[in-house]
Amino acid sequence: MYFLERIQAHAHLNAFIHIYADEALHRARAIDQRIQREHTLKRLTGVVLGIKDVIAYAGHPLTAASRMLQNFRSLFSATAVERLLAEEAIIIGSLNCDEFAMGSSTENSFFGPTLHPLNPEYVPGGSSGGSAAAVSADLCMLALGSDTGGSVRQPADFCGIIGLKPTYGRVSRHGLIAYASSFDQIGIFGKNIADVATTLEVIAGPDEYDSTASPLPIEPYLPLTSPENKPWKLAYMKEALEHPSLDQEISAAIRSLIKRLNEEGHIVNPVHFTYLDVITPAYYVLTTAEASANLARYDGIRYGYHTSNETGLTLEATYRKTRSEGFGREVKRRILLGTYVLSEGYYEAYYTKAQQVRRLVAQEANRILDEYACLLMPTFPSTAFRLGEKTDDPVKMYLGDVYTVFANLAGLPAISIPLFTHSNGLPFGIQLVAGRFREKQLLQVADYLCTTFSKLN
Ligand code: GLN
């Protein structure tokens, strides 16, 4: 009831696409009755969660914030959702996002933009902006999002909360609408590391429905403190802190954090990474290529939006009209870009080259993270920007992803944690990246930083 009232009181944020009020209340009562009978709790008993509207929940709408799926309902639940429900979580609604998770501001939603919870003139980030805004404004305790190039970490950074993207393959993608399948990963939003760690424990692990889900068993992520791990051996990317696009105040805050960590006896060494300026272009070549193939299924024939029946339309014209009307501008732009980079004659120059960049980035990243527990970076070059500020200039919007796409290109786990407030009044955090499947260490360092350094300024 508490959260339903808050959702209503914050309806102007447009964080939710659908709210499951009656169902959530009904489920809460059923859970109460079970507890009275059995006197036991499960790992997420009564925890109220929202899910980004690209994650399937059987019998519920699944829109990807697109006109294409405006009236679509899912026939099955994502593995992550099944596992949440099995631990007695309550799913309170589906959360707004950029259409098909393509964007950095939640302005590309067919259902209208989500607003920043602290200032309605600003964006909450994206693509999982609804998830971040909802958790930040206490409209639910935790939320799931998806992170292909930063869509969990960046909105968490903008909204002053925690956002975790697990290692590629740690959480099953079964039931997650595909954007770029070799990058996509379900992630978690929360306000403290222990909650995020518990949720990860619940949703992670092998899954027979997703062959890219790793067979590695899940480690218990709690307790978060283990004294033998200190002092931490951390690294920071020199080029990232010196990047011309980075806000001076963010850069200064991270430098002073590094200094404080040194004073606390931790090792924080600079490392070089020379590919920073090519990773964003490589990310956009590869993800649009994958998106152009993944989105080919939306033809309006079997399900989804179908253009109004005109007589005399050929099959091809029906496809064209359906897709022209069903997809928004950004999605169309990416399908065109992806088709172009895959076309004969350009394939080698763009797609193959970007694959090579991806391999180099992964090699470099692994080399650094074999030696260090975590790599420290900004999450985004600035704090949240104004609504409409970047909508006319897609390249400007894309370039903001410079710090987040690194972890997706290399398949690494990464987290954004809220530590700072900018002089403009908006929150920002820092990002930590760890080696493959080293979520436990990532969460431990994150927890240490949150408890030791939060509210640094
Ligand atoms: N901003 C990035 C993009 O537009 C990230 C999206 C995501 O992670 N889903 O592709």
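Presented here is an overview of the structure given in this document. Small disclaimer: the values here were computed from a predicted structure and weren't measured. (Residues numbered from 1 in each chain as written. Predicted model: local features only at pLDDT ≥ 70, side-chain atom pairs only at ≥ 80, totals over all residues. Heavy atoms only, no water.)

Thoughts on the packing of aromatic side chains
Overall, the coordinates contain 22 aromatic pairs when judged by the stated rule. Where tyrosine 20 meets tyrosine 57, the ring centres are 6.0 Å apart and the plane angle is 65°; that geometry is what we call edge-to-face. With tyrosine 20 in the loop between strand 1 (16-19) and helix 2 (21-38) and tyrosine 57 in the loop between strand 2 (48-52) and helix 3 (79-86), this residue pair connects regions lying 37 residues apart in the sequence. The exposure class assigned to tyrosine 57 is buried, which follows from its relative accessible area of 8%. Judged by centre distance (6.2 Å) and plane angle (85°), the rings of tyrosine 448 and phenylalanine 453 are edge-to-face. For tyrosine 448, a relative accessible area of 11% translates into the label buried. One aromatic cluster is present, formed by Phe72, Phe100, Tyr298, Tyr303 and Phe327 through successive ring pairs. The side chain of arginine 358 reaches across the aromatic face of phenylalanine 183, ending 3.9 Å from its centre. Between lysine 390 and the ring centre of phenylalanine 385, over which it is positioned, the NZ or CZ distance is 4.5 Å. (Phe/Tyr/Trp six-rings, centres within 6.5 Å; stacked < 30°, edge-to-face > 60°. Helix = DSSP H or I, 4+ residues; strand = E, 2+ residues; numbered from the N terminus. Buried < 20%, exposed > 50% of the residue type's maximum accessible area, 1.4 Å probe, protein only. Lys NZ or Arg CZ within 6 Å of the ring centre and 35° of its normal.)

Some words on the site of the ligand
Looking at the ligand, there are 15 residues lining it, with Ala101, Thr148, Gly149, Ser151 and Tyr283 nearest. Threonine 148 is positioned such that a nitrogen or oxygen atom in its backbone is 2.7 Å from an oxygen atom of the ligand. Side-chain polar atom of tyrosine 179 to an oxygen atom of the ligand: 2.8 Å apart, as the coordinates give it. Surface burial for the ligand is 99%, taken as the share of its 290 Å² of free accessible area covered by protein chains. Looking at the shell around the ligand residue by residue, the class counts come to five nonpolar, seven polar and three charged. (Near = heavy atom within 4 Å. Polar contact = N/O pair within 3.5 Å; in protein donor to acceptor, adjacent residues only side chain to side chain. Areas by Shrake-Rupley, 256 points an atom, 1.4 Å probe, with all protein chains shown as cover. Nonpolar A, V, L, I, M, F, W, Y, C, P; charged D, E, K, R; others polar.)

Some remarks on the packing of helix 6 (residues 193-203) against helix 15 (residues 439-453)
Remark: helix 6 packs on helix 15, axes separated minimally by 10 Å, with the N-to-C direction vectors making an angle of 165°. Between helix 6 and helix 15, the crossing angle belongs to the class labelled roughly antiparallel. Seen from above, helix 6 lies across helix 15 with right-handed handedness. Taken together, the residues of helix 15 that come into contact with helix 6 (itself represented by Ile193, Ala197 and Leu200) are Glu439, Leu443, Ala446, Asp447 and Cys450. (Axes fitted to C-alpha atoms, helices over the stretch in contact; angles between N-to-C directions. Parallel < 35°, antiparallel > 145°, perpendicular 65-115°, else oblique. Left-handed = near helix turned anticlockwise from the far one by under 90°. Contact = heavy atoms within 4.5 Å.)

Quick notes on unusual backbone geometry
Here the residue pair glycine 126 and serine 127 is connected by a cis peptide bond, since its omega of 10° sits within 30 degrees of zero. Relative to the elements of secondary structure, serine 127 occurs in the loop between strand 3 (90-95) and helix 4 (129-136). Unlike most non-glycine residues, alanine 64 shows phi in positive territory, near 55°. The phi torsion at phenylalanine 100 lies on the positive side, around 50°, for a residue other than glycine. Mapped onto the secondary structure, phenylalanine 100 falls in the loop between strand 3 and helix 4.

Quick notes on the pairing of strand 9 (residues 374-378)
The element strand 9 is extensively covered by neighbouring structure, given that five of its five residues are classed as buried. Of the two faces of strand 9, the one carrying Cys374, Leu376 and Pro378 and the one carrying Leu375 and Met377 are both buried. In this sheet, strand 9 lies alongside strand 7 (residues 233-237) in parallel orientation, the contact comprising three bridges. Its bridge partner lying in strand 9, leucine 234 is registered against cysteine 374. For strand 9 and strand 11 (residues 427-433), the ladder comprises four bridges, and the chain directions are antiparallel. Within the sheet, the bridge partner assigned to leucine 375 lies in strand 11 and is valine 433. (Pairing = 2+ DSSP bridges.)

Keep in mind that these numbers describe shape and distance, not what the molecule does.
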